[in-house]
Number of protein chains: 4
Amino acid sequence: MIRFECDYAEGAHPKIIERLAQTNFVQTKGYGEDEFSENARRMIRRLCLCESADVHFLMGGTQTNLTVIASILRPHQGVITATSGHINVHETGAIEATGHKVLALLTHNSKLTASQVEQVCLEHWNDVNHEHIVQPGMVYISNPTEGGVIYTKNELQSISDVCREYHLPLFLDGARLGYGLAAENNDLTLPDIAKMCDVFCIGGTKVGALCGEALVITNETLKTDFRYFIKQRGGMLAKGRLLGLQIEALFTNGLYFEIAQHAVRMALQIRNAFRLKGFRFLYESPTNQQFPILTNEHINMLSQKYAFELWAKIDDNRSAVRFCTSWATREEDVQILIKDVIQLFPPC
Amino acid sequence: MIRFECDYAEGAHPKIIERLAQTNFVQTKGYGEDEFSENARRMIRRLCLCESADVHFLMGGTQTNLTVIASILRPHQGVITATSGHINVHETGAIEATGHKVLALLTHNSKLTASQVEQVCLEHWNDVNHEHIVQPGMVYISNPTEGGVIYTKNELQSISDVCREYHLPLFLDGARLGYGLAAENNDLTLPDIAKMCDVFCIGGTKVGALCGEALVITNETLKTDFRYFIKQRGGMLAKGRLLGLQIEALFTNGLYFEIAQHAVRMALQIRNAFRLKGFRFLYESPTNQQFPILTNEHINMLSQKYAFELWAKIDDNRSAVRFCTSWATREEDVQILIKDVIQLFPPC
Amino acid sequence: MIRFECDYAEGAHPKIIERLAQTNFVQTKGYGEDEFSENARRMIRRLCLCESADVHFLMGGTQTNLTVIASILRPHQGVITATSGHINVHETGAIEATGHKVLALLTHNSKLTASQVEQVCLEHWNDVNHEHIVQPGMVYISNPTEGGVIYTKNELQSISDVCREYHLPLFLDGARLGYGLAAENNDLTLPDIAKMCDVFCIGGTKVGALCGEALVITNETLKTDFRYFIKQRGGMLAKGRLLGLQIEALFTNGLYFEIAQHAVRMALQIRNAFRLKGFRFLYESPTNQQFPILTNEHINMLSQKYAFELWAKIDDNRSAVRFCTSWATREEDVQILIKDVIQLFPPC
Amino acid sequence: MIRFECDYAEGAHPKIIERLAQTNFVQTKGYGEDEFSENARRMIRRLCLCESADVHFLMGGTQTNLTVIASILRPHQGVITATSGHINVHETGAIEATGHKVLALLTHNSKLTASQVEQVCLEHWNDVNHEHIVQPGMVYISNPTEGGVIYTKNELQSISDVCREYHLPLFLDGARLGYGLAAENNDLTLPDIAKMCDVFCIGGTKVGALCGEALVITNETLKTDFRYFIKQRGGMLAKGRLLGLQIEALFTNGLYFEIAQHAVRMALQIRNAFRLKGFRFLYESPTNQQFPILTNEHINMLSQKYAFELWAKIDDNRSAVRFCTSWATREEDVQILIKDVIQLFPPC
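Report on the accompanying structure. (Residues numbered from 1 in each chain as written. Chains lettered and ligands numbered in written order. Predicted model: local features only at pLDDT ≥ 70, side-chain atom pairs only at ≥ 80, totals over all residues. Heavy atoms only, no water.)

**Regarding the relation of the copies chain A and chain B**
The two copies are related by a screw operation: chain A maps onto chain B through 180° of rotation and 0.0 Å of translation along the axis, at an RMSD of 0.0 Å. Expressed as an axis order, the relation between the two copies is that of a two-fold axis. Most of the interface of chain A is mirrored in chain B: 100% of its interface residues are interface residues there too. (Least-squares fit on C-alpha atoms with pLDDT ≥ 70 in both. Contact = heavy atoms within 4.5 Å.)

**A closer look at the sheet that holds strand β3 (residues 77–82) of chain C**
All names here are of chain C. Spatially, seven strands are ordered β2-β8-β7-β6-β5-β3-β4 in an open sheet, and the strand pairing comes out mixed. Both outer strands of the open sheet, β2 (54–58) and β4 (102–105), are each paired with one neighbouring strand and no more. Shown here is a sheet whose adjacent strand axes are inclined to one another by a mean of 25°, direction ignored. Examined bridge by bridge, β3 and strand β5 (residues 135–142) share four bridges and lie parallel to one another. When the bridges of β5 are listed, Gly-78 appears paired with Pro-136. Along the sheet face, helix α6 (residues 114–126) touches β3, β4 and β5 and points at about 170° away from the line of β5. (Pairing = 2+ DSSP bridges. Helix = DSSP H or I, 4+ residues; strand = E, 2+ residues; numbered from the N terminus. Axes fitted to C-alpha atoms, helices over the stretch in contact; angles between N-to-C directions.)

**Looking at the interface of chain A and chain B**
Taken together, the contacts link 45 residues of chain A with 46 residues of chain B. Between the two partners, chain A and chain B, sit zero salt bridges. At the level of secondary structure, the elements contributing two or more residues to the side of chain A that touches chain B comprise α1 (14–22), α3 (61–72), α10 (226–232) and α11 (241–250) of chain A. If one sorts the elements of the side of chain A that touches chain B by residue count, α1(A) sits on top with four residues. Tallied by class, the residues present in the side of chain A that touches chain B amount to 22 nonpolar, 15 polar and eight charged. (Salt bridge = Lys/Arg side-chain N within 4 Å of Asp/Glu carboxyl O. Nonpolar A, V, L, I, M, F, W, Y, C, P; charged D, E, K, R; others polar.)

**Focus: the packing of α1(A) against α11(A)**
All names here are of chain A. Remark: α1 packs on α11, axes separated minimally by 9 Å, with the N-to-C direction vectors making an angle of 130°. Viewed along their axes, α1 and α11 adopt a mutual orientation that is oblique. Judged by the sense of rotation from one axis to the other, the crossing of α1 with α11 is right-handed. From α1, Lys-15, Ile-16, Arg-19 and Leu-20 reach across to α11, where they touch Leu-242, Leu-245, Gln-246, Glu-248, Ala-249 and Leu-250. (Parallel < 35°, antiparallel > 145°, perpendicular 65-115°, else oblique. Left-handed = near helix turned anticlockwise from the far one by under 90°.)

**Details of the interface of chain C and chain B**
Across the boundary between the two partners, chain C contributes 22 residues, which contact 22 residues of chain B. Carbon and sulfur atoms supply 51% of the area buried between chain C and chain B, which totals about 2000 Å² over both sides. Ranking the residues of chain C by area buried against chain B places Glu131(C), His132(C) and Tyr228(C) at the top, with a combined share of 36%. Inspection of the region where chain C meets chain B yields two salt bridges. Across the pair Glu131(B) and Arg227(C) runs a salt bridge whose closest N-O atoms are separated by 2.8 Å. Linking chain C with chain B are 14 residue pairs in polar contact (both at pLDDT 80 or more). (Buried area = accessible area lost by both parts, 1.4 Å probe. Polar contact = N/O pair within 3.5 Å; in protein donor to acceptor, adjacent residues only side chain to side chain.)

**Some details on the pattern of salt bridges**
Residues and elements named next belong to chain B. Counted under the stated rule, the structure contains 77 salt bridges over all chains. Arg-41 is the salt-bridge partner of Glu-38, the closest N and O atoms lying 3.2 Å from each other. In this pair, Glu-38 and Arg-41 are both assigned in helix α2 (residues 35–47), three residues apart and thus about one turn of the helix distant. Its relative accessible area of 33% is what places Glu-38 among the partly exposed residues. A salt bridge links Glu-331 to Arg-265; the shortest N-O distance between them is 3.7 Å. (Buried < 20%, exposed > 50% of the residue type's maximum accessible area, 1.4 Å probe, protein only.)

**Looking at the packing of aromatic side chains**
All chains considered together, the criterion is met by 56 aromatic pairs over all chains. A centroid spacing of 5.5 Å and a plane angle of 70° characterise the contact between Tyr8(A) and Tyr31(B), whose relative ring orientation is edge-to-face. Pair noted here: Tyr8(A) is in the loop between β1 (2–3) and α1 and Tyr31(B) is in the loop between α1 (14–22) and α2, and the two residues belong to different chains. Consider the rings of Phe4(D) and Tyr306(D), whose centres lie 6.3 Å apart with planes at 40°: the pair is tilted. Of this pair, Phe4(D) sits in the loop between β1 (2–3) and α1 (14–22) while Tyr306(D) sits in strand β11 (residues 306–307), placing them 302 residues apart in sequence. (Phe/Tyr/Trp six-rings, centres within 6.5 Å; stacked < 30°, edge-to-face > 60°.)

**Some details on the nonpolar core**
Membership of the largest hydrophobic core comes to 139 residues, with the highest contact counts inside it found for Phe200(C), Ile202(C), Phe200(D) and Ile202(D). The next biggest cluster of nonpolar side chains, apart from the first, holds 137 residues, and it includes Cys48(A), Ala114(A), Leu243(A) and Cys211(B). (Core = buried A, V, L, I, M, F, W, Y, C linked by side-chain atoms within 4.5 Å.)

**Focus on the environment of Thr83(C)**
All names here are of chain C. Counting through the fold element by element, Thr-83 comes out in the loop between β3 and α4 (86–89). Judged by its relative accessible area of 27%, Thr-83 is partly exposed. When the C-alpha atoms of Thr-83 and Glu-165 are compared, they prove to be 23 Å apart, with 82 residues separating the residues in sequence. Those residues in contact with Thr-83 that sit more than four places away from it in its chain are Asn-88, Val-89, Ala-104, Leu-105, Leu-106 and Thr-107.

**Points about the relation of the copies chain C and chain B**
Rotating chain C by 180° and translating it 0.0 Å along the rotation axis places it on chain B, where the RMSD comes to 0.0 Å. A share of 100% of interface residues in chain C that are also interface residues in chain B marks the association as one of identical surfaces.

This is the structure we're talking about:
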């Protein structure tokens, strides 16, 4: 079985394991105040060209999302997101459990637009009974999105502009940010994101780490007391070095970017094979996740040999599936898959 | 500087690091459904002589506490604990953030008693206006306690009996359970705990792991839907193997117990040195944490050479401090400390 | 200005004011345990043919909804409702503030169907990753709905059946239940509702009281500890008699039903006038709220003389508006309105 | 049976009932934007000499407390109060249900002191691990306290000063404020309170209304979006006039103060009788609640003829009880009680 079902099937990039072994006996302070974490913070700030940013390390995506969102919103406010947003569909109501409504908007190709955000604000503030309605309090987007799609620099700038006009902090969930930065035709950089967003995270778990996300807060107001929130939500590790060390390793000599480029290159080869045969896709993804729409027959054939995820039923005969690559995906496995795709009967 | 300030200053026991390296390229399912986690679960069940127990792995203590407590209580219920309980003082209101009052009782030597629990229940149910008061909904104890003190089998049995009489699930926080089981005069075993408690955790982070706690649920009712709660509170790791692997390594060939015995032996040698010189202690601890009461002058002298934690001010001239040992504590360092203690002026 | 904008513009039905004056000096117990409340409870139970029901009195609709829903759901569960449901749009996130997601479904004519509820359940339980998704925990419907529409006996029975199959308590919000029972072609009775639902409320505020809703709990499990929840959410009045007295007055000699019938009769006369002229309606309402779709010009003309609410913009030229009647609506005012409607230019 | 067990046994002062009847057919806007509420707001502002204050009307005490406190605190903050504070003991965890810890301090005579508040702040900010501890975020006091005791002008000024130094909003719960202002030796005025506190309420329910508290917000920051909070917590009445009308009636021609003076005068006569006979008191109350300590025998004798509340067990032979007066207490009933007290055997 050749596995393409997710980007978290293996442990960590070997350089991380090596680094854990190497530093194991060094004694450090706890709770993220160790030297490895401090160094990782410096590296992130430098890459973002933002010396004033606060950088924290958290274990995983849901924890990061709920901690950030609950720290920003007041009780009567909600967070605007795409209906496909991770916080809306795959976090078991983690945001609501902190007391806040997720204001989910239907999107095209899984991306939110600036004008959608503006419309929600206009509708809210123009309603004479707005006190009876959840107030929009911030915007959450992910890049890449749940569909593997990326925002252009212009799109993000427009969203950022609307957010600032309506005083809505903008939070970018970068659980797979590496793959977004390495995507075909991407024109966004870390410094752009640091300028346009108020807070964002750079995901480690799905880009080569055992666990860990780097959270970057650029908005001065949002920095206040953030460590209290990490602690309260259960995210402050006694051995915080575990997170700092991994991020440090990932950003040493550009490993993070190298890993991501490899994965995207592998994914695009897979995409091109499906495209060549005339298959359509659920989302137009230039990143490490590809969502071709296959017939049930194709799905059955491919599942004999490959592991991949069933993503969304299209109709009785067809479903979108997900093929996912990572730092650990081997080029020879991709070549084998491509050969098999090429031999599939073409879709009608 | 010789460090005794905590039990989480180093990485993990080398066998854990070794195991991480060894298994790194194995492909597994995510979210704790991997084979390492499954194996660790079996090991825990066997050690607890409780084949029907549910075993989950979580990252850290606060996360475990808030997830368990919020899963058990209904909205109008609170959790009974000692005022010194971790959930009452050192979790930034994590429990209250899930909506529940911590019903904190003053204790002697940091331990809750069965009769205290009973009294709270009697007072509540005898009050004609009990609907205006938070209903006691469960009991939380830690073993060892925050003061390093352990419960005897009889004490735990009595608490368990009262809890069952009043239908209060009993949760034992074993963040340092290894040290409790290895404590001088301990008569409690894992099977005892599994029988007397409804849910308890076996801490890894402070007993040799990088991170991770094994949560054992023996009460049938409390098992339902528990994975939803882990996910909702941000505790479900994509690479759940990280936790399973470590617990597996710790319970292979009794490593966990061996580590804990070493640490306790070191701590008792330190305790005996202070005792010999007539020092008194804040708590009577038979575990890896010792809390001698020192004069400011003693504290200043010892801090030149040793790292240890200032724990509680006793009066203007004296404070209780904490010396803490772990798997990584070296016997030669303990001997050096003992020599220095022996040469201290005796306290009046 | 003749007012049709809501059903809460005046005080209370005069019989209520009279009763308040009459009983003012009677001394009673507090917190809803007075004799007036007890008598009102008996009356409600009798009308519902359900002697075992628990009956509580709360101040208003949002408070009732949040208290009931938070009392039923466990933390990982959400409440299924129509997107137009009051809890989804007009309670400032009151439900989410108690920690729960509102699972809102698009509806036709503002009514939820049994098959929609079933589909949500099937999708949830068939998803292999259902632990990452909010679990459906109960169903909320209102009767009449926000659109003034009513459920038939068959429809409610079907929803009830699905709910019982999937163990979802069914909560019917009857803020305007009187108008639903008095509606044209209604075939539902209070005993039907008591049998089919697990908990429901009979609204007072919008059917002649100063304030107050009677909450009826028929499901044994949901009765437990309910007074704690009322107190915790701020709904337990020291002078609970204020609520009991009003409900008692409303159900003495059928006043509640009489009021509602009057209001519905008035509303249907208004509806018929608009219909006669060919106007369409946003919802097909047989109750005291009517939502004709008018051109901006019509709206301007009518607003000179009548107060009514702008409800939903249809396009640049047209909006749906709401005309609302109540116990206090005078027949002569309705006649004047009808004459004016008859003289409107017909819509294209 | 002559009743002294609470100050909410009757309906409302007759002037309120009269006013309800008189205005019943007036049509008004809903949700507290009616002319009666507007007028009541103006009256309150004038009495407080604070034209810029925001004034809202809520139904009852618990609702007011939870709405105010949840609107002020950020998630990691708690509210400082006396252990006897209503929010700590008699609101079924309403504050914790909004996510916040109640930081309860042991008090003498049920009053918090400025130095206690300061000490909590110093301890918090001096702790190197303060991020692990709930941050003090505001102060809650009640005046009169749960023990009927009042703060002097100097005491309140000192608390206010400390609060401002540590940026803690000060909330005064005046559920029985009228009785405090009318108390023997009181030197506080409404304008003093408006200047020294950031937000406070003037209770109606226990001082002659059917229900209703006037909430006065003087701190500019705390005013923002407050109506959203009222709505979200279920406190916004469709017929908000019910509250506005009553407050308006209470503050017309000084009725509120007159009622309170009568009740206090009655209570002090009762107090003096007990004092004369050598009885001691649980609290030194100069207001409408008196807490003499009686033997079980005395309690049995008096309960034959009088209703009063058993408050706190002192020892096996004695308990503190509560005698409570109100606008409705009749002087002749007080005289009868006094005669009976005078004939009691004196306590040892």
